[in-house]
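# Residue-level structure breakdown
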2 protein chains.
Amino acid sequence: MKNTLILDGTVVAEDMKQATKEKVDQLKNQGITPCLATILVGDDPSSETYVRMKGNACEKLGMESRRIHLPETTTTEELLQTIATLNTDDRVHGILLQHPVPPQIDERAAFEAIDLAKDVDGVTSWGFGQTALNFGAYPSCTPAAIMAILAYYNLDVEGKHAVVVGRSPILGKPVSMLLLNANATVTTCHSKTQDLAAIVSQGDIVVAAVGKPHFIKGEWIKKGAIVIDAGYNPGNIGDADYDECAKHASAITPVPGGVGPVTIATLLSQTVIAAEKTSAVNESA
Amino acid sequence: MKNTLILDGTVVAEDMKQATKEKVDQLKNQGITPCLATILVGDDPSSETYVRMKGNACEKLGMESRRIHLPETTTTEELLQTIATLNTDDRVHGILLQHPVPPQIDERAAFEAIDLAKDVDGVTSWGFGQTALNFGAYPSCTPAAIMAILAYYNLDVEGKHAVVVGRSPILGKPVSMLLLNANATVTTCHSKTQDLAAIVSQGDIVVAAVGKPHFIKGEWIKKGAIVIDAGYNPGNIGDADYDECAKHASAITPVPGGVGPVTIATLLSQTVIAAEKTSAVNESA
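- Named according to an unreviewed UniProt entry, chain A is Bifunctional protein FolD originating from Fictibacillus macauensis ZFHKF-1.
- UniProt's Function (unreviewed entry) comment on chain A is quoted here verbatim: "Catalyzes the oxidation of 5,10-methylenetetrahydrofolate to 5,10-methenyltetrahydrofolate and then the hydrolysis of 5,10-methenyltetrahydrofolate to 10-formyltetrahydrofolate."
- Regarding chain A, the relevant UniProt record gives this comment under Subunit (unreviewed entry): "Homodimer."

### Quick notes on the environment of T142 of chain A
Residues and elements named next belong to chain A.
- In this structure, T142 sits in helix 6 (residues 141-152).
- Judged by relative accessible area, which is 19%, T142 ranks as buried.
- Taking the C-alpha atoms as reference, T142 lies 8.9 Å from D121; in sequence the two are 21 residues apart.
- Setting aside anything within four residues of it in sequence, one finds T142 in contact with L171, A230, V259 and T263.

### Things to note about the side chain of K118 of chain B
Residue and element names in this part refer to chain B.
- As for its position among the elements, K118 is in the loop between helix 4 (107-113) and helix 5 (125-132).
- Of the side chains bearing the opposite charge, D90 lies closest to the buried K118, which forms no salt bridge; the N-O distance is 5.5 Å.
- For K118, the side chain forms a polar contact with the main-chain oxygen of N87, separated by 2.9 Å.
- Apart from residues lying up to four places away in sequence, K118 is in contact with L86, N87, T88, D89, V92, H93, G94 and I95.

### Focus on the interface of chain A and chain B
- The interface is formed by 32 residues belonging to chain A together with 32 residues belonging to chain B.
- Summing the contributions of chain A and of chain B, the shared interface buries around 2,800 Å²; its carbon and sulfur component is 61%.
- Between the two partners, chain A and chain B, sit 2 salt bridges.
- A salt bridge links K192 of chain B to E158 of chain A, with the shortest nitrogen-to-oxygen separation between them at 3.8 Å.
- For the pair chain A and chain B, the number of links is 18 residue pairs in polar contact (both at pLDDT 80 or more).
- Secondary-structure elements contributing two or more residues to the side of chain A that touches chain B are helix 4 (107-113), helix 5 (125-132), helix 7 (172-181) and strand 6 (185-189) of chain A.
- The dominant element in the side of chain A that touches chain B, judged by the number of residues it contributes, is helix 5 of chain A, at 6 residues.
- With 3 bridges connecting them, strand 6 of chain A and strand 6 (residues 185-189) of chain B associate as antiparallel partners. Pairing of T187 of chain A across the sheet is with T187 of chain B, part of strand 6 of chain B.

### Some points on the UniProt feature "binding site: NADP(+)" (unreviewed entry) in chain A
- Under the feature "binding site: NADP(+)" (unreviewed entry), the UniProt entry names G166, R167 and S168 of chain A.
- With respect to the secondary-structure elements, R167 of chain A resides in the loop between strand 5 (161-165) and helix 7.
- Under the relative-accessibility criterion, R167 of chain A is labelled partly exposed at 22%.
- Not counting residues up to four positions away in its chain, the partners in contact with R167 of chain A are G172, K173, T188, C189, H190, S191 and K192 of chain A together with L180, N181 and N183 of chain B.
- Within polar-contact distance, the side chain of R167 of chain A engages the backbone oxygen of L180 of chain B at 2.8 Å.
- Residue placement: S168 of chain A occurs in the loop between strand 5 and helix 7.

### Considering the pairing of strand 8 (residues 226-229) of chain B
All names here are of chain B.
- The alternating pattern of strand 8 places I226 and I228 on one face and V227 and D229 on the opposite face, and all of these are buried.
- Pairing of strand 7 (residues 205-208) with strand 8 involves 4 bridges; the strand directions are parallel. Opposite V207, over in strand 8, you have I228 as the bridge partner.
- Of the pairings in the sheet, the one linking strand 8 to strand 9 (residues 251-252) comprises 2 bridges and is parallel in character. If you follow V227 over to strand 9, its bridge partner there is I252.
- Taken together, strand 8, helix 9 (residues 242-248) and strand 9 form a β-α-β motif whose crossover is right-handed.

### Details of the sheet that holds strand 9 (residues 251-252) of chain A
- Taken in spatial order, the 12 strands of this open sheet run 1(A)-9(A)-8(A)-7(A)-5(A)-6(A)-6(B)-5(B)-7(B)-8(B)-9(B)-1(B), and their pairing is mixed. The open sheet has two free edges, formed respectively by strand 1 (5-6) of chain A together with strand 1 (5-6) of chain B, since each of these has just one partner strand.
- Relative to strand 7 of chain B, strand 5 (residues 161-165) of chain B runs parallel, the two being bridged by 4 bridges. Across the sheet, the residue bridging to V163 of chain B is V206 of chain B, located in strand 7 of chain B.
- Across the sheet, helix 7 of chain A lies against strand 5, strand 6 and strand 7 (205-208) of chain A together with strand 6 of chain B, angled at about 170° from strand 5 of chain A, the strand it touches most.

### Some words on the environment of P102 of chain B
Residues and elements named next belong to chain B.
- Structurally, P102 is set in the loop between strand 4 (94-97) and helix 4.
- Classification of P102 by relative accessible area gives buried; the value is 4%.
- Here the alpha-carbon distance between P102 and D44, two residues 58 residues apart in the chain, equals 9.2 Å.
- Those residues in contact with P102, other than ones at most four positions away along the chain, are V41 and E72.

### Some details on the domain arrangement of chain A
- Taken domain by domain, chain A comprises domain 1 (31-116) and domain 2 (140-260).
- Taken over C-alpha atoms, the centre of domain 1 of chain A sits 28 Å from the centre of domain 2 of chain A.

### Here's the deal with the sheet that holds strand 2 (residues 35-41) of chain A
All names here are of chain A.
- In spatial order, the strands read 3-2-4; together these 3 strands make up an open sheet with parallel pairing. Here the strands that pair on one side only, and so sit at the sheet edges, are strand 3 (64-70) and strand 4 (94-97). In this sheet, adjacent strand axes meet at a mean angle of 15° when their direction is disregarded.
- The pairing of strand 2 with strand 3 spans 7 bridges and is classified as parallel. From the neighbouring strand, L36 faces strand 3, where its bridge partner is S65.

### A short note on the packing of helix 6 of chain A against helix 7 of chain A
Residue and element names in this part refer to chain A.
- Helix 7 packs onto helix 6 with a crossing angle of 35° between their chain directions and a minimal axis gap of 8 Å. Once helix 6 is placed against helix 7, the crossing between them reads as right-handed. Taking contact as the criterion, the partners of P143, A144, I146, M147 and L150 in helix 6 are, on helix 7, P174, V175, L178 and L179.
- Considered class by class, the residues forming the contact of helix 6 with helix 7 number 9 nonpolar, no polar and no charged.

Reading the values: rules and limits
Residues numbered from 1 in each chain as written. Chains lettered and ligands numbered in written order. Predicted model: local features only at pLDDT ≥ 70, side-chain atom pairs only at ≥ 80, totals over all residues. Heavy atoms only, no water. UniProt positions renumbered as here; feature names shortened; annotations may be inferred. Helix = DSSP H or I, 4+ residues; strand = E, 2+ residues; numbered from the N terminus. Buried < 20%, exposed > 50% of the residue type's maximum accessible area, 1.4 Å probe, protein only. Contact = heavy atoms within 4.5 Å. Lys, Arg positive; Asp, Glu negative; His and termini not counted. Salt bridge = Lys/Arg side-chain N within 4 Å of Asp/Glu carboxyl O. Polar contact = N/O pair within 3.5 Å; in protein donor to acceptor, adjacent residues only side chain to side chain. Buried area = accessible area lost by both parts, 1.4 Å probe. Pairing = 2+ DSSP bridges. Right-handed = clockwise from strand over helix to strand, strands pointing away. Axes fitted to C-alpha atoms, helices over the stretch in contact; angles between N-to-C directions. Domains from an automatic or database assignment. Left-handed = near helix turned anticlockwise from the far one by under 90°. Nonpolar A, V, L, I, M, F, W, Y, C, P; charged D, E, K, R; others polar.

As structure tokens, then:
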């Protein structure tokens, strides 16, 4: 499509980080350094990269990054113990457990063990429920990043038909709920969906959250639709066939440089909000 | 439609209550009487009727019904205190707070105060989150009843396009999640949805959960679709125009006698499951 708007996640992320940096400075003036604890279990190279990026992003804004690296052989019990310690550590404001963990670990049990007040990555079922019911908790970062991109570019959501392809607990399901709360009509699709092309082609907003490279085809995209690509596959390849989708879309996120940077900025922002709440508690105490 | 299948909720409910009654008898042999506490605040006649129906249904199965009636002027604090007392009362296995409460009460705060283990009516955000992520908690009773009706009549859900009209925290949102977990493609509609008729007409399964009498029109229903009417408006009128919808549908729930009786049977069933868990805890202690 001529004049397709490129939804530049790096610009949205910079804007968000600027606002977050100002809050960090204010908190540090009060003697509080916002701290994100990251837990990496095992030696998956991609996971190591993600955790390092998140830690570095924290430190660039003057936040503290507490990096915990547990061995590949860690048991569920040991991981739960680590989380319990972080839950009660007043200097830690947010906890991120890098997904995936080695197969011997009950990942869901580990996610659930994170204190809701420190669940800045939005992985607990309680956080999911509060997000879905539109109050309280920190949403999962990627879904929140998608909403932030739509808001930054003043793209209307209300009354639009949003088609989400994917139903994972931290992406497809929560972004469906956030879009619903923003008054979109929401269709959630997945591997059992029949005639996916016909359904995607109805979307005014299409969210690709399926984890398969170039899965969403250009000819599926309605003329003028907004395409949000939350995929991030090996080789920096998105879930949408960018070149072909861009021919039909009115706006589209690139990969890389789309949803990814905003996801990290959201994580930092939510960690700082958690630190601000601590600060408010301290003042009222 | 010739030979439209009437999805008879009274039959499904009787089947469910039969199974529940057997569990009640077993528990009573162990000295445990499953107990549902119902809380009614104020004097709304419909709410009084609903609460009485639920209490009577308990007693018919040999369960205990603890009926708490608080005055119209009850404060949030007083209601929270009542819930806290029931949370710690070992003889109470399930807690139901009848919706709606008088306007001076923070209903969400009251729902959230119910112990997850006793949230047999599925109203807490935590319970919602666990239901949505497909583990653990008791789902809201009406959504669970809808799934039970579909299962009882062996109606396929996987791969079907389900259109849910309504997005309330205890009906539209959770039934969307249950249908999604059962591998339907799910579209959730609401008051801001544009061209609702066109969207409903795509549904292989249509769930009417909007709370407006005869809102869903017969001409919206695809030939052969399944229509589930979760509405219950004054005068025993459903959300779907039954006579007209039945002309197109392959199967439909009546109102009354459709979802309603199964909702109550689900409440009893979930209360007894909660009592069984207590029993298991006692045995292992």
